[in-house]
Amino acid sequence: MDLVLALVGVLAVLHVAYSLWTAKRLDRLHTRLDAARAALDRQLRQRAEAALASAGASAGAGRSAPARDVAAAARAALDVRGLGHDREVAENALSRMLLDVADADLSMDDVITRTSFARRFHNDAVRDVLVVRRRRIVRWFHLAGRAPLPTYFEMDDSVLDRRTIEV
Amino acid sequence: MRIGLVSPYPWDVPGGVVAHVRDLAEVLIARGHDVSVMTPVDDEDALLPAYVTRAGRTVPVPFNGSVSRLLFGPVSATRVRSWLHDGKFDVLHLHSPETLSLSLLALFNARGPIVATFHAANPRSRVLAMMQSPLQVQLEKLSGRIAVSPAARKTIVEHLGTDAVLIPNGVHVAKFADAQPLPGWPGTGGAIAFVGRVDEPRKGFDVLLDAFARLRADRPGLRLLVAGPGDVGASPAGVTVLGQVSDDVKAQVFRSADVYVAPNTGGESFGIILLEAMAAGTAIVASDLDAFRRVLRDGEAGQLATVGDAESLAHACATLLDSPARRRTLTAAGRALVARYDWGVVAGEVLQVYETAIAMHTGGVVEEPEAVTPDLT
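Residues numbered from 1 in each chain as written. Chains lettered and ligands numbered in written order. Predicted model: local features only at pLDDT ≥ 70, side-chain atom pairs only at ≥ 80, totals over all residues. Heavy atoms only, no water.

Moving on, we come to the overall build of chain B. Helix and strand counts for chain B stand at 13 helices and 17 strands. At 22 Å, chain B has a C-alpha radius of gyration in line with the 21 Å of a compact globule built from 377 residues. Projected onto its principal axes, the C-alpha positions of chain B cover 70 × 40 × 40 Å. Counting all 377 residues of chain B, 54% fall into the buried class. Considering only residue pairs separated by 6 or more positions, chain B has 69% of its internal contacts joining residues 24 or more positions apart. (Helix = DSSP H or I, 4+ residues; strand = E, 2+ residues; numbered from the N terminus. Rg over C-alpha atoms; globule rule 2.2 N^0.38 Å. Buried < 20%, exposed > 50% of the residue type's maximum accessible area, 1.4 Å probe, protein only. Contact = heavy atoms within 4.5 Å.)

Structure follows, in structure tokens:
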């Protein structure tokens, strides 16, 4: 009987230690995710602002139809807060508009590449959080607290990424 | 920007990763950045550039049928920590942190904007499989990950369950384009060049010798220039063997031939050698391997030949040797293509990764409060 109690005691201690360690790991992962989200949000904002500036510059006095469309899409993207589905829709719409101007305005290349990096690093951070949070011990013992499950930011930036190298 | 680079392999032992770290450091320095490289150095008397900090010697450890050179111990950890402390880096860039090496040790001991480049394309890495869980916890500290090829990216997706941005190895295009041919080359009888280990079967040197004999039957003036380590034995007529050459001479070798031949039979994941030949402006004949086919854009920038088939290889070489116009078409396509792999472009993208990682943090790189010194030595 004593042996069983001792065994239960050891298991309980191990469980608490592992839970604490996992909770700390999750805390670190969430910190990184928050930073990645903020960085992606800033980067998307910069892309929309650059698109707006580019549309304004290329249009000159008589605003061309594509420039007007780009400006409208950029403003729509700037109006959405957060990184939810509506932001994805707005940013994807802007990407499609940019397809027409990006070839003409090479100054957009830099901001487009940075946006694609920021998105990839954000989604990497999401994946790392999800891998740990899907574990049974995390779900059963609520080690993640009240933080909602993060979601990937889906955006087709490959169409714009001239940098993409097949090798 | 203050940049700390960590190489996992000894600075004084030639290798792809070491060359990559050196080139990247020098390109970034030339752009005005403050760069410091921490690396193992095996020879205590080795002369090192001013930007290199010695971490100590590596220790040979037999593993998985070969000998890995590792560096992992309390002395190295102390050196890494003081290097991090003194460097006050804005960003820390580790190379191949999936190996048990200085890069992993630095990852243990640092926090802040840290990025890593994964070089290995090894679909069946036992080290990665074995190390997966403990490694994953460490790799979670990385703000950004870079893979040098789709194969390297596939390796980390499958073994570490994480993704990376693709930034290829760089090529110093101007260095190859401006190199002088070796005296007396290429000459008027036609010249072919081969660069690589001659005694490594997968490099396909035997296939090339067979093809060369067939070509020479109709072209008595044809010559073959061979650069790379390994023993050829008695070289056949028309074959000039240089042995292992420096990077500068390698550039000259490309410029000394009408046709560069890559007869490899397998094992290539990237094909940087083809990019170097393109930069030199030499027409290329290459085996129809996946990696080569991709680099050569399905034959747009070089002639493809059936893998391991001397007859097909000879035919492809003959096509180019007999048609200067065809060579010009291919080399023009190659030059246009290699421009995006120039170190200037590649380093610009690496800097964008740095800036993205820095944007995810409020400060620079600092040491972990507690020293981690896994004592394996």
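Before going further, it helps to examine the interface of chain A and chain B. Every contact between the two is made by 26 residues of chain A and, on the other side, 30 residues of chain B. In this structure, the connection of chain A to chain B is made through four salt bridges. As a salt-bridge pair, Arg145 of chain B and Asp128 of chain A come within 2.9 Å of each other at their nearest N and O atoms. Between the two partners, chain A and chain B, sit eight residue pairs in polar contact (both at pLDDT 80 or more). The leading source of residues in the side of chain A that touches chain B is helix H4 (residues 108-133) of chain A, at 11 residues. (Salt bridge = Lys/Arg side-chain N within 4 Å of Asp/Glu carboxyl O. Polar contact = N/O pair within 3.5 Å; in protein donor to acceptor, adjacent residues only side chain to side chain.)

Here the focus is the environment of Pro97 of chain B. Structurally, the position occupied by Pro97 of chain B is in the loop between strand S6 (91-95) and helix H3 (102-109). Setting aside residues no more than four positions away along its own chain, Pro97 of chain B makes contact with Ser103, Leu104, Ala116, Thr117, Phe118, Leu135 and Leu139 of chain B.

A few words on the sheet that holds strand S15 (residues 283-287) of chain B. All names here are of chain B. A sheet is described by the order of its strands in space; here six strands give the open sequence S13-S12-S11-S14-S15-S16, paired in parallel fashion. Each end of this open sheet is capped by a strand with a single partner; those strands are strand S13 (239-243) and strand S16 (303-305). Between one strand and the next, the sheet's axes are offset by a mean angle of 20°, whatever the strand orientation. Looking at chain direction, strand S11 (residues 191-195) and strand S12 (residues 223-227) are connected through five bridges and run parallel. Counted as the bridge partner of Ile192 is Leu224 from S12. In the packing of helix H7 (residues 205-218) onto the sheet, the strands contacted are S11, S12, S13 and strand S14 (259-262), and the crossing angle to S12 comes to about 165°. (Pairing = 2+ DSSP bridges. Axes fitted to C-alpha atoms, helices over the stretch in contact; angles between N-to-C directions.)

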